[in-house]
Amino acid sequence: MTVIVQTSPLPSHPSTALLEALFRSFDRVKHLKDCNIIILCDGACDEDDEHVKDTKQSKKINYKHGSINQDKVNDYLLHLDLLQQKIDNKEAPFISTNNGTIKLLKLPYRHGSARAIKATFPINTPYVLIAQHDNFFVHDVNYLKDMIMFLDEEDAKSWLQCIHFRSTATLNYVQKIKRRYDIDLQMLRKRPQSSLDGELIPLVFWYGRTHIARTSYYKDKILCRELKQGDHLEELWGVHQLNEILELKKKSSTDVDNNNFEMQFKMLHAPYGNYVFFEHDVDENIQQKEVLYHMNGRKVRATTSDKSMHSTTGDITSSSSTTQTSFNPHRNSFTTAKSTVAVVPGLEYVNDSSQTKPSSKQKKFKQNCFHCGEKGHSKKFCPKLEKDHNTNIQHI
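As the structure is a prediction and not an experimental result, all values here were calculated from the model.

Draft legend 1. Geometry of the pattern of salt bridges. Applying the stated rule across the entire model yields 13 salt bridges. Between glutamate 20 and lysine 86 there is a salt bridge, with its nearest N and O atoms 3.7 Å apart. One end of the pair, glutamate 20, is in helix α1 (residues 17-26); the other, lysine 86, is in helix α2 (residues 70-88), with 66 residues separating them in the sequence. Overall, the relative accessible area of 22% leaves lysine 86 in the partly exposed class. Two residues, arginine 301 and glutamate 348, come together in a salt bridge whose shortest N-O distance is 2.6 Å. Here the residue arginine 301 occupies a position in strand β11 (residues 300-302), and glutamate 348 occupies one in strand β14 (residues 347-349), the gap between them amounting to 47 residues. Take arginine 301: its relative accessible area is 41%, and that puts it in the partly exposed class. Overlapping salt bridges, with partners in common, bring together Glu20, Lys86 and Glu91 in one network.

Printed below as a string of C-alpha cells:
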C-alpha cells in the first residue's frame, strides 16, 4: 500500500509541528510506517504565476482557496526545506520501519486537493491510503493488515472499494443518518466473515478523511472525472453521492416494501463502494470513540508557549485516558455532537472573536441545526450547544 499525505500552505508555517503530530499519530497504526509514504506538497502559486508578485502582498489571504501573498509563500517554502532536512536526517517522528520510505513530492504550482492526488498517479501498489495533514490517529489501529487481506478477499466483488476510519462525522453513524435523513442503515451493514473483526457501515457521503481505497477505484472512477484547480473530492464525489441517495429515498418514500429500497440502495451505492469500519471491542461504547481527530490546520498557528492548545466544537469524543462522561444527544439532534480539546506541542488555536455570534447581515440559516434539530441557526450558533456538551482532553 502507498500512503499519500496531502499538505499545502498553512498559517503555522514554517513550523513543522503539524506534520510532526501527524507522524507521531501514525505510530498508533501497526505497520503503517512499513509503507512507502509520499508527502504530497501542493504548489503555492497558480500555474500561470510561478512567483507571487509584490503587487499581491496586500491581497486577502484564503488558505482553502490558495490565495496567499509572497510572505506566506516564503514561509511555506521554508517549511518544506525544514521538513526535507528532518526526513533526510531521519529525525523522529519521520522515521520509517522495515522497508518503508518517506519522501516529499513537491508540485510546481497549485493544483488543489483533487488534482494534486491525480498528479501522484500512476501508483504501483493495489491500495492507497490518503491522509490529510491535519487528521490525526487518536485510537490504536491494529487491524491494518486484516483490512488489506479482506480487501484482497473481496477483490472480485464490486461492493467494497473504500474503507474510512471513524471520524467526527461517522461516530454513531447508523443513529445519525436515521435522525438526519430517515435512512435506516441497520440492515445494510456488512459483517466480514474473516480476521477483520468488526462491521462495515455504508456511507451516504464521501468524507474527506483518512481512508484506504483500491488504487483502481481512484484511477477508474474518481480521477477520470474532469477536475478543476481547487476542486475537493468531498465537494464533488461526496455531494453527488448524497444527492443520488436522497433522490432515491424521496422516490421510495411511498414504497412500503423496505426490501425494495434496500436492493435499490445497494445498486446505487455499489459504484461508490465506501464504508466506515467499526471494530468489535469489549467496550460497548466503541462507536462513540473516534479513530481520527480533525484539527483544522487553517485555524492553528505556531507558538513557543508551553500551553499549546487547540480547541474545537464538533461531533467528537476523546479516546484519551481522561474520565469519560455519559452523553445523551438532544432528542432532535442530527448528530452526536461533543466538544474536545486537543493539546498539540508547538501549536495553538486562533480564536476569531468576530465569529462568536451571528452577524446582523448574515442570511437566515434555512436548514436544521445539527445539534438541536431546530431551524433558524447552525450548530455553530446553537444556544443549547454549550449546555449540552461534555468536554474531553486529547493529547497528540
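Draft legend 2. Fine view of the side chain of glutamine 6. By the secondary structure assignment, glutamine 6 is in strand β1 (residues 2-7). For glutamine 6, the side chain forms a polar contact with the main-chain oxygen of serine 113, separated by 3.0 Å. If we ignore the near neighbours within four places in the chain, the residues touching glutamine 6 are Leu40, Ser113, Ala116, Ile117, Ile130, Ala131, Gln132 and His133.

Draft legend 3. Broad picture of the pairing of strand β8 (residues 211-214). Both faces of β8 are covered, namely the face carrying His211 and Ala213 and the face carrying Ile212 and Arg214. Bridging between strand β4 (residues 127-132) and β8 involves four bridges; their strand directions are antiparallel. Considered in β8, the bridge of valine 128 is made with alanine 213. In this sheet, β8 lies alongside strand β6 (residues 162-164) in antiparallel orientation, the contact comprising three bridges. Within the sheet, the bridge partner assigned to isoleucine 163 lies in β8 and is isoleucine 212.

Draft legend 4. Main features of the sheet that holds strand β7 (residues 198-202). Spatially, β3-β2-β1-β4-β8-β6-β9-β7 is the arrangement adopted by the eight strands of the open sheet, whose pairing is mixed. Here the strands that pair on one side only, and so sit at the sheet edges, are β3 (101-106) and β7. Across the sheet, the axes of successive neighbouring strands diverge by a mean angle of 25°, strand direction being ignored. Helix-sheet contacts for helix α4 (residues 144-153) involve β4, β6, β7, β8 and β9 (274-279), and the interaxial angle to β8 is about 25°.

Draft legend 5. Here's a closer look at unusual backbone geometry. The amide bond that connects alanine 92 to the next residue, proline 93, takes the cis arrangement and shows omega of 5°. Topologically, proline 93 is positioned in the loop between α2 and β3. At the junction of phenylalanine 121 and proline 122, the peptide bond is cis and its omega measures out at 10° in the coordinates. For proline 122, the position within the fold is in the loop between α3 (113-120) and β4. One non-glycine residue, asparagine 98, adopts positive backbone phi at about 55°. Locating asparagine 98 in the fold gives a position in the loop between α2 and β3. At asparagine 296, a position not held by glycine, the phi torsion is positive, near 65°. With respect to the secondary-structure elements, asparagine 296 resides in the loop between β10 (292-294) and β11.

Draft legend 6. The arrangement of the packing of aromatic side chains in detail. In the structure shown here, the tally under the stated rule is 14 aromatic pairs. Ring centres 5.3 Å apart and planes at 85° place the aromatic pair phenylalanine 137 and phenylalanine 165 in the edge-to-face group. Placement of the pair is phenylalanine 137 in strand β5 (residues 135-137) and phenylalanine 165 in the loop between β6 and α5 (173-181), with a sequence separation of 28 residues. Taken individually, phenylalanine 137 and phenylalanine 165 each receive the classification buried, so the pair is uniform in this respect. Ring centres of tyrosine 173 and tyrosine 207 lie 6.2 Å apart, and the angle between their planes is 80°; on these two criteria the pair is classed as edge-to-face. Of this pair, tyrosine 173 sits in helix α5 while tyrosine 207 is found in the loop between β7 and β8, placing the two residues 34 residues apart along the sequence. Accessibility expressed as a relative area gives 0% for tyrosine 173, which makes it buried. Classification of tyrosine 207 by relative accessible area gives buried; the value is 11%. Lysine 190 extends its terminal NZ or CZ atom over the ring of tryptophan 159, reaching a point 4.9 Å from the ring centre.

Calculation criteria
Residues numbered from 1 in each chain as written. Predicted model: local features only at pLDDT ≥ 70, side-chain atom pairs only at ≥ 80, totals over all residues. Heavy atoms only, no water. Salt bridge = Lys/Arg side-chain N within 4 Å of Asp/Glu carboxyl O. Helix = DSSP H or I, 4+ residues; strand = E, 2+ residues; numbered from the N terminus. Buried < 20%, exposed > 50% of the residue type's maximum accessible area, 1.4 Å probe, protein only. Polar contact = N/O pair within 3.5 Å; in protein donor to acceptor, adjacent residues only side chain to side chain. Contact = heavy atoms within 4.5 Å. Pairing = 2+ DSSP bridges. Axes fitted to C-alpha atoms, helices over the stretch in contact; angles between N-to-C directions. Phe/Tyr/Trp six-rings, centres within 6.5 Å; stacked < 30°, edge-to-face > 60°. Lys NZ or Arg CZ within 6 Å of the ring centre and 35° of its normal.

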